[in-house]
Amino acid sequence: MQELLDLDSDQFWKDDELAHKENCFSKEAPQVALGIRMSDECVFAELGEEGEPWGYTPPERRYELNCRYNEKAQKIVGRPLLQENKPLPPEKQPKVTIPQYRMIGEVFGGEYVFNGQTTWLHGTVKEPEELKKLLASVRVMANDPEAFRKFVLPKDWDERCKAAYELYGQRPSQFKAVRGPVTLATSVFGIEELTYLYYDDEELFSEFFDVIGDVILAYIKLFITESGNTYETFQHRFRFFDDDCYLLTPDMYRASGYPVLKRVFDFACPNPEDFRYQHSDSAMGHLLPLLADFNLTACNFGPTLTVQEIRKHMPHTQIEGQLAPFTFMKNVESDIIAEVKRDCEAAKENDARGLNLATAGSINNGSLLTSMRCVMAAIQKYGRY
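Residues numbered from 1 in each chain as written. Predicted model: local features only at pLDDT ≥ 70, side-chain atom pairs only at ≥ 80, totals over all residues. Heavy atoms only, no water.

**Q** Could you give me a rundown of the state of the cysteines, with the residues and numbers involved?
**A** Two cysteines, two sulfur atoms, one covalent bond between them: this is a disulfide. In this structure the tally under the stated criterion is zero disulfides. The thiol of Cys 344 is unpaired, and the distance to the nearest cysteine sulfur, on Cys 374, comes to 11 Å. (Disulfide = S-S within 2.5 Å.)

Here's what the structure looks like:
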């Protein structure tokens, strides 16, 4: 097994740069691409430090931790991985910043609550009649640009954005990613409640997702303008993060998430070369035939799906996966090698390519740099085209 851990990191990174060309489909690629770059959450276990991986870390401490982590990464994998944002002294810190605005869950009456580890969206409606009243008011607001802008943006938005631009050249960003429609719906209304709603009142069920589509498009259109763009100049790309889509049958998804993705992609990224993305780190293989309609640029699906299964439905989509996050986090090298070898061999079948080898879901604290090195070594051994 030690032989498998031999790694020429300098050569690996040279080959990896070529591997990412043409959305990881380039015939020049000498090996499977590596998508793993670790994350800020991983510093605590790696360095033996206390902290909340998904919570708040003061900027000074974050800078110190990331610098130490990068020193270790340079030795183990051959390059630094995390950003090192040194906090400015008080006298040089920005006098004004782009303010926060209300998030999509708040439009539906929800509340974002930090539970000590991460932030969850909690809904406030549980009964169909409550939902019906909520949707009626949200639909009106979402289709009134002035009312929507007034609700989403804080009162001092214009003043602070104007100052941020004049002083630092900063503008708000476009709205290019969102919690997926099914996950949003389950957070707002509840998993069981949403499931029963489909069978008890399919019309209201469909209306729920129609309004979700209205709201997402309202956000996109609002921030096209706020970012200083026009409908002719905005960046054509959009990402959905929809873990809970797996809870629905294909028929249920066809009446819910599917039409939302279609509306958003048709508006925000309608051209073949535009960027369309879906993340769902769950067992949602039964929805692949439907998602294939959108010609996704890239996807990140759950670890129970195989590269071959995804590729069957999405021959031109970059696959980010399919290493199980918990396999990566447990740091058992033989298990990591087995999964990487499996996926590399799948990418080489019929010269399919298009694999950006990553975890099929989030990289969690506890995932070590030695495990990343193990993935690199396995790619170098088993992932040569």
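**Q** Residue-level account of the pairing of strand 5 (residues 237–241), with values.
**A** Only one face of strand 5 is buried: it carries Phe 238 and Phe 240, and the other face, with Arg 237, Arg 239 and Phe 241, is open. In the sheet, strand 5 pairs with strand 6 (residues 275–280) via five bridges, with the strands oriented parallel. From the neighbouring strand, Arg 237 faces strand 6, where its bridge partner is Phe 275. (Buried < 20%, exposed > 50% of the residue type's maximum accessible area, 1.4 Å probe, protein only. Helix = DSSP H or I, 4+ residues; strand = E, 2+ residues; numbered from the N terminus. Pairing = 2+ DSSP bridges.)

**Q** Break down the sheet that holds strand 4 (residues 177–179) for me, with residues and values.
**A** Pairing is parallel across the open sheet formed by seven strands, whose spatial order is 1-9-8-7-6-5-4. Of all strands in the sheet, those with a lone pairing partner are strand 1 (33–34) and strand 4, marking the two edges. Pairing of strand 7 (residues 298–301) with strand 8 (residues 318–323) involves two bridges; the strand directions are parallel. When the bridges of strand 8 are listed, Cys 299 appears paired with Ile 319. Lying on the sheet, helix 16 (residues 333–348) is in contact with strand 8 and strand 9 (355–359); it crosses strand 8 at an angle near 150°. (Contact = heavy atoms within 4.5 Å. Axes fitted to C-alpha atoms, helices over the stretch in contact; angles between N-to-C directions.)

**Q** Give a detailed account of the nonpolar core, specifying residues and quantitative values.
**A** Of all hydrophobic cores here, the largest spans 110 residues; its most connected members are Phe 108, Phe 208 and Phe 238. Examining the composition of this core, we find that 15 residues originate from one element, helix 10 (residues 202–226), more than from any other. Residue contacts for Phe 108: discarding those within four places in its chain leaves Leu 134, Leu 135, Val 138, Leu 184, Val 188, Phe 208, Val 211, Ile 212 and Val 215. (Core = buried A, V, L, I, M, F, W, Y, C linked by side-chain atoms within 4.5 Å.)

**Q** Mind laying out the pairing of strand 3 (residues 119–122), listing which residues take part and the relevant values?
**A** Pairing between strand 2 (residues 111–114) and strand 3: four bridges, direction antiparallel. Each residue of the ladder has a partner; that of Val 113, found in strand 3, is Trp 120.

**Q** Go over the packing of aromatic side chains, please, and point to the residues and values.
**A** Taken as a whole and assessed by the stated rule, the structure comprises 24 aromatic pairs. Taken together, a centroid distance of 5.7 Å and an interplanar angle of 80° make the contact between Tyr 231 and Phe 267 edge-to-face. Here Tyr 231 is found in the loop between helix 10 and strand 5, whereas its partner Phe 267 is found in helix 12 (residues 257–268), with 36 residues between them in sequence. For Tyr 231, a relative accessible area of 43% gives the class partly exposed. Three or more aromatic residues link up through ring pairs in this structure, and these residues are Tyr 101, Phe 148, Trp 157, Phe 175, Tyr 219, Phe 223, Phe 238, Phe 240, Tyr 258, Phe 265 and Phe 294. The side chain of Arg 239 reaches across the aromatic face of Tyr 277, ending 4.5 Å from its centre. A cation sits over an aromatic face here: Arg 353 above Tyr 385, 4.0 Å from the ring centre. (Phe/Tyr/Trp six-rings, centres within 6.5 Å; stacked < 30°, edge-to-face > 60°. Lys NZ or Arg CZ within 6 Å of the ring centre and 35° of its normal.)

**Q** Account for the packing of helix 8 (residues 181–189) against helix 10, with residues named and values stated.
**A** It is at 11 Å that the axes of helix 8 and helix 10 come closest, and there the two elements cross at 115°. Classified by the angle between their axes, helix 8 and helix 10 sit roughly perpendicular to one another. The element helix 8 and its partner helix 10 pack so that their crossing is right-handed. Contacts from Pro 181, Val 182, Leu 184, Ala 185, Val 188 and Phe 189 in helix 8 reach Phe 208, Phe 209 and Ile 212 in helix 10. Among the residues forming the contact of helix 8 with helix 10, the class breakdown is nine nonpolar, no polar and no charged. (Parallel < 35°, antiparallel > 145°, perpendicular 65-115°, else oblique. Left-handed = near helix turned anticlockwise from the far one by under 90°. Nonpolar A, V, L, I, M, F, W, Y, C, P; charged D, E, K, R; others polar.)

**Q** Go over the environment of Lys 162, please, and point to the residues and values.
**A** Its location among the elements puts Lys 162 in helix 7 (residues 157–168). Residue classification places Lys 162 among the exposed positions, given a relative accessible area of 52%. Sequence spacing of Lys 162 and Ala 29 is 133 residues, and the spatial spacing of their C-alpha atoms is 45 Å.

**Q** I'd like a rundown of helix 9 (residues 191–200), residues and numbers included.
**A** Along helix 9, the residues classified as buried are Leu 194, Leu 197 and Tyr 198. Along the axis of helix 9, the buried residues cluster in a sector spanning 100°; they form a single face. Helix 9 presents Tyr 196, Tyr 199 and Asp 200 as exposed residues on the side facing more than 90 degrees away from its buried surface. Elements that come into contact with the buried residues of helix 9 comprise helix 5 (128–142), helix 8, helix 10 and helix 11 (250–254). (Arc of directions from axis to C-beta.)

**Q** Could you give an account of unusual backbone geometry, with specific residues and numbers?
**A** With the exception of glycine, most residues fall at negative phi, and the peptide bonds are largely trans. With an omega dihedral of -5°, the bond running from Gly 321 to Gln 322 counts as a cis peptide bond. In this fold, Gln 322 is placed in strand 8. You will see that Asn 23, though not glycine, has its phi angle at about 60°, which is positive. When you line up the elements, Asn 23 lands in the loop between helix 1 (9–19) and strand 1. Residue class for Asn 23 comes out partly exposed when judged on its relative accessible area of 26%. Residues other than glycine seldom take positive phi values, yet Asn 350 does so here, at roughly 55°. With respect to the helices and strands, the residue Asn 350 is situated in the loop between helix 16 and strand 9.

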